[in-house]
Amino acid sequence: MELNGLALLTRRIRVVFTSSRDAGSRVRSLENYFYSIFSDSAKLNRGRASLESILTTAQRLNSDFLCIIESRNGNPSTIKLFSLSTFQLKYAFEIRGLSLYSDKGIPHKFQFSRPYLNYVETACEQVKWFLIDLGAIINERGKIKVNIKQEEKNCRVIFSSEQEIILSLLLHNILEQ
């Protein structure tokens, strides 16, 4: 459900996705992927709205979290997840690498249920909890498999459906520095 302002909701919203102001097409694409992958989500078009306004709108939607994808030079640079019960920043990851299914020249038209965590390396626990807060599940199988592996001081997160990689992110936790 894409929202411009408030709308009558027919389902529970766990997380609201938005981007930084004046986001480029690659940032909006990543936002669309997250919105498609995490079924208990909504998407807010940021426009010129302030962070306070976006937080208030997400809280009015009774969601648990607000996820902001920030950009640098038109590319996704940071993912931040705010808890709406405490208005505190819960996770922040620098995006050090990104590969989208649509990079292959094939448009993305995925609408999935909830992703499941298939494999998580111990060094990437914060990324695991971040994905669980977004709506990933642990003990059930779904249509989207998520593997999280450590690469030096980063975590590679791979979302795949059957044998095709849908989304790959290289994340660096910037709250643990």
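Our structure is the block above this text.
Residues numbered from 1 in each chain as written. Predicted model: local features only at pLDDT ≥ 70, side-chain atom pairs only at ≥ 80, totals over all residues. Heavy atoms only, no water.

S.K.: What is the right way to read the packing of aromatic side chains from this model?
M.R.: As enumerated under the stated definition, the model contains seven aromatic pairs in all. Seen in terms of ring centroids, Phe17 and Phe38 are 6.4 Å apart; in terms of plane orientation they differ by 35°. Their pairing is tilted. Remark: Phe38 occurs in the loop between helix 1 (25-37) and strand 3 (41-44) and Phe17 occurs in strand 2 (residues 15-19); sequence separation between them is 21 residues. Given a relative accessible area of 1%, Phe38 falls into the buried group. (Phe/Tyr/Trp six-rings, centres within 6.5 Å; stacked < 30°, edge-to-face > 60°. Helix = DSSP H or I, 4+ residues; strand = E, 2+ residues; numbered from the N terminus. Buried < 20%, exposed > 50% of the residue type's maximum accessible area, 1.4 Å probe, protein only.)

S.K.: I would appreciate a short explanation of the state of the cysteines in the present structure.
M.R.: Where two cysteines share a covalent bond between their sulfur atoms, that bond is called a disulfide. If you walk through the whole model with that rule in mind, you get one disulfide. Between the sulfur atoms of Cys124 and its disulfide mate Cys155 the distance is 2.1 Å. Looking down the S-S bond of the Cys124 and Cys155 bridge, the torsion is -100°, so its handedness is left-handed. Within this pair, whereas Cys124 is found in the loop between strand 7 (116-120) and helix 3 (125-134), its partner Cys155 is found in strand 9 (residues 154-161), the two being separated by 31 residues in sequence. Its relative accessible area of 8% is what places Cys155 among the buried residues. (Disulfide = S-S within 2.5 Å.)

S.K.: Looking at this structure, I do not really get unusual backbone geometry. What am I missing?
M.R.: The phi angle of most residues is negative, glycine excepted, and most peptide bonds adopt the trans form. A positive phi angle, close to 55°, is found at Phe87, a residue other than glycine. With respect to the helices and strands, Phe87 occurs in the loop between strand 5 (75-83) and strand 6 (88-100). For Glu152, which is not glycine, the phi torsion reads 55° and is therefore positive. For Glu152, the location among the structural elements is in the loop between strand 8 (145-151) and strand 9. We classify Glu152 as exposed; its relative accessible area is 72%.

S.K.: Whenever I open this one, the pairing of strand 2 confuses me. Can you help?
M.R.: Side chains on a regular strand alternate between the two faces of the sheet. Of all five residues in strand 2, five are buried, a share of seventy percent or more. Burial along strand 2 is two-sided: the face carrying Val15, Phe17 and Ser19 and the face carrying Val16 and Thr18 are both buried. In this sheet, strand 3 lies alongside strand 2 in parallel orientation, the contact comprising three bridges. Paired with Val15 across the bridge in strand 3 is Ser41. Handedness of the crossover joining strand 2 and strand 3 through helix 1 is recorded here as right-handed. As paired elements, strand 2 and strand 4 (residues 65-72) share five bridges and run parallel to each other. The partner of Thr18 across the bridge, within strand 4, is Ile68. (Pairing = 2+ DSSP bridges. Right-handed = clockwise from strand over helix to strand, strands pointing away.)

S.K.: It is not clear to me how the pairing of strand 6 should be interpreted in this structure. Could you clarify?
M.R.: Pairing between strand 5 and strand 6: six bridges, direction antiparallel. Bridging across to strand 6, Phe82 finds its partner in Leu89. Count of turn residues in the strand 5/strand 6 antiparallel hairpin: four residues, of which Phe87 carries a positive phi of about 55°. Across seven bridges, strand 6 lies against strand 10 (residues 164-173) in antiparallel orientation. Looking at the pairing, Ile95 lines up with Leu171 of strand 10.

S.K.: Could you clarify how one ought to interpret the nonpolar core in this entry?
M.R.: Note that soluble globular proteins tend to have their nonpolar side chains buried in a common cluster. Judged by nonpolar contacts, the single largest core of 37 residues is most densely connected at Phe34, Leu131, Phe159 and Leu167. Not counting residues up to four positions away in its chain, the partners in contact with Leu131 are Phe38, Leu117, Ala136, Val146, Ile148, Val157 and Phe159. Core analysis: the second largest hydrophobic core is formed by twelve residues, Ile13, Ile54, Leu66 and Ile68 among them. (Core = buried A, V, L, I, M, F, W, Y, C linked by side-chain atoms within 4.5 Å. Contact = heavy atoms within 4.5 Å.)

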